[in-house]
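Given next are the chains, with one letter for each unit.
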Amino acid sequence: MITDLNSEAFDYAPRIINRAKRALSCSPFCLKLFKEMRNQSVPIQQIAGETGIKLGYATQAFSEPKTEAKLVWLISVGLLRREVDGQGLTDSFRLTPLGRKIVTQWEQEQNQIPPASLIDPVFNWLNRWLK
């Protein structure tokens, strides 16, 4: 529910927030990437491969197709959106209001993405592949 269009205050069901947090904790991306995505769109070329590691955006180097698949999953859980220009979708990504909410919370609490628990990858995999 939107309480004020300018404040971007949204209410999310706890299961949606938990699923999004789990997906983010299980992702190979760093908080720095999501902090950047809060302020501007980030093209996939800066996230994929060794460039993503050098920029502090990723913990592992993946090809562009694999990086895109991981980012698309974060779109599916409501954390990210693709940037759109006058010609349609681009290869850049930004945070959604849900993503901004979670990133801001984690930034204030510990300034890092909390590590996934031992069971989180299993639940994340089930959510991702059984839907």
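It should be noted that the structure appears before, not after, this text.
Throughout this description, residue numbers start from 1 for each chain and increase along the sequence as written. Reporting of local features is limited, given that this is a predicted model, to residues whose pLDDT is at least 70; pairs of side-chain atoms are given and counted only at 80 or more, and all residues count toward the totals for whole chains, interfaces and linings. The side-chain quantities take in all heavy atoms of the structure and omit both hydrogens and water.

Asks: If you had to explain the sheet that holds strand β1 (residues 42-43) to someone new, which residues and values would you point to?
Replies: Each pair of strands is called paired provided DSSP finds at least two bridges between the two strands. Runs of E in the DSSP output that reach at least two residues are strands. Runs of H or I that reach at least four are helices, and both are numbered from the N terminus. Strand order in the open sheet formed by three strands is β1-β3-β2, and the pairing between neighbours is antiparallel. Single-partner strands in this sheet number two, and they are β1 and β2 (80-85). Bridge count for β1 against strand β3 (residues 88-95) is two bridges, and the pairing is antiparallel. Bridging across to β3, proline 43 finds its partner in serine 92. Note on contacts: a residue pair qualifies if any of its non-hydrogen atoms lie within 4.5 Å across the two residues. Geometry is summarised by axes, namely lines fitted to C-alpha atoms with helices restricted to the contacting stretch, and by angles between N-to-C directions that run from 0 to 180 degrees. Across the face of the sheet, helix α5 (residues 64-76) comes into contact with β2 and β3 while running at roughly 105° to β2.

Asks: So, the packing of aromatic side chains: which residues are in play, and what are the values?
Replies: Centres within 6.5 Å make a pair out of two Phe, Tyr or Trp rings, where for Trp the six-membered ring is used; the pair is then stacked when the planes are under 30 degrees apart, edge-to-face when over 60, and tilted otherwise. Tallied over the full model, the rule gives one aromatic pair. Between phenylalanine 29 and phenylalanine 34, the aromatic rings sit 6.3 Å apart at their centres with planes inclined by 80°, giving edge-to-face as the arrangement. Think of it in three bands: with a 1.4 Å probe and only protein chains considered, a residue is buried below 20% of the maximum accessible area for its type, exposed above 50%, and partly exposed in between. Relative accessible area serves as the criterion here: at 4%, phenylalanine 29 is assigned to the buried category. On the accessibility criterion, phenylalanine 34 (0% relative accessible area) is buried. Only when the NZ of Lys or the CZ of Arg is both within 6 Å of the ring centre and within 35 degrees of the ring normal is a charge said to sit over the ring. Positioned over the ring face of phenylalanine 62 is lysine 70, at 4.7 Å from the centre of the ring.

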